[in-house]
Amino acid sequence: MADQPQDTFAPASASGIAPARRSQRAFSEPGVPLIHQINGLGLWTLYIKEVRRFFKVQTQTIWAPAVTTLLYLMIFTLALGGGSRTVLGVSFATFVAPGLIAMGMMNNAFANSSFSFLAGKIQGTIIDYLMPPFSEIELMLALIGAAVTRAVLVGLALAGAIMLWPDVQLAAPHAWAIVWFGLMGSIMLAFIGLLTSLWAEKFDHNAAVTNFVITPLTMLSGTFYVIDNLAPAFQTASRLNPFFYVISGFRFGFLGRSDIGDTNLHVLQGAIGLGVLNLVLGIVTYVLLRSGWKLKS
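No experiment lies behind these values; they were computed from the predicted model shown.

So, the overall build of the protein chain
The secondary structure content of the protein chain amounts to 11 helices and 2 strands. Ordered by position from N to C terminus, the α and β elements of the protein chain give α-α-α-β-β-α-α-α-α-α-α-α-α. Partitioning the intrachain contacts of the protein chain with sequence separation of at least 6 by distance along the chain shows that 79% fall at a separation of at least 24.

Here it is in structure tokens:
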């Protein structure tokens, strides 16, 4: 009897797909990553690595900002007449304290995220971020999460230090505003820091963004004053500054008053606006990470 022709493919499996064909579907083109699910372990590992990095020098990254904030509080309180001056119906020290906490959180979120890729570029260790099997979203979440963690720890340290000041009396009539504006401000600066680390090629570039963008926007955000005291043109400019909404919204959580608007609806609109802004920053960061801009070239 003549031999029956042999099928060149292996027998079909229970799923109905031949192993050879299934293997062809399992592998993508060379150089194109194929990630079927979230790399939870890798994301957590990178997050912990970033947290441990700044926690090893916690005296500089967490406790030093508390000392600096107390100096700000002391200098501005004494320069503006001590406890005799009232703003928004409270003492000046109580008025400025929430702004100082929010300012410290934002500055440290930026400092943490702006260091990651930049240090890798300069030290030649950027491959440690690019080689592991991370998607762009996982990489972004780990770096942003570590920056926000540092911001929250700094905020707690600042709050504890400021509460030691005799003229400061803080409550929490709107706890949601404290949490929301604190997190939104930290996330916003973390995204800006990550974008800066993508763009920068040396520490001078990072310092330029800090000195000419972050510091001016922070100082002109209403941390130390109410914008109603400004000329109309400068009030308009202040309302175009997203840092203003973080500071004033965070202060609203502690004092129940803000200079965003006359009603709580204005504060809610500011909260939604910050959420939309962070969503836009997240999309821009994701697109740049996916393109490998200044990372793979």
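Side note on the UniProt feature "transmembrane region" (unreviewed entry) in the protein chain
Under the present numbering, the feature "transmembrane region" (unreviewed entry) in UniProt falls on residues 62-81, 139-165, 177-200, 207-227 and 267-289. In residues 139-165, the share of helix is 89% and the share of strand is 0%. The end C-alpha atoms are 40 Å apart. Structurally, residues 267-289 comprises 100% helix and 0% strand, and the distance from its first C-alpha atom to its last is 33 Å.

What to know about the environment of Tyr245
In this structure, Tyr245 sits in helix H10 (residues 242-255). Once residues lying within four places of it in the same chain are set aside, the contact partners of Tyr245 are Phe181, Arg239, Phe250, Ile260, Gly270 and Leu274. A polar atom in the side chain of Tyr245 sits 2.8 Å from the backbone oxygen of Arg239.

A look at the pattern of salt bridges
Summed over all chains, the structure comprises 4 salt bridges. The shortest N-O distance in the salt bridge between Arg53 and Glu50 comes to 3.0 Å. On the criterion of helical spacing, the pair formed by Arg53 and Glu50 is a turn pair, its members being 3 residues apart in helix H2 (residues 40-55). Judged by its relative accessible area of 1%, Glu50 falls in the buried class.

As for the side chain of Arg150
Relative to the assigned elements, Arg150 resides in helix H6 (residues 136-162). Glu50 provides the closest opposite charge to the buried, salt-bridge-free Arg150, at an N-O distance of 8.7 Å.

Points about helix H11 (residues 264-291)
The end-to-end C-alpha distance of H11 is 41 Å, a good match for the 40 Å that 28 residues give at a rise of 1.5 Å each. Every buried residue of H11 is listed here: Val267, Gly270, Ala271, Leu274, Asn278, Leu281, Gly282, Thr285 and Leu289. Residues of H11 that are buried sit in contact with helix H4 (92-123), H6, helix H7 (175-199) and H10.

What counts and how
Residues numbered from 1 in each chain as written. Predicted model: local features only at pLDDT ≥ 70, side-chain atom pairs only at ≥ 80, totals over all residues. Heavy atoms only, no water. Helix = DSSP H or I, 4+ residues; strand = E, 2+ residues; numbered from the N terminus. Contact = heavy atoms within 4.5 Å. UniProt positions renumbered as here; feature names shortened; annotations may be inferred. Polar contact = N/O pair within 3.5 Å; in protein donor to acceptor, adjacent residues only side chain to side chain. Salt bridge = Lys/Arg side-chain N within 4 Å of Asp/Glu carboxyl O. Buried < 20%, exposed > 50% of the residue type's maximum accessible area, 1.4 Å probe, protein only. Lys, Arg positive; Asp, Glu negative; His and termini not counted. Expected span 1.5 Å × (residues − 1).

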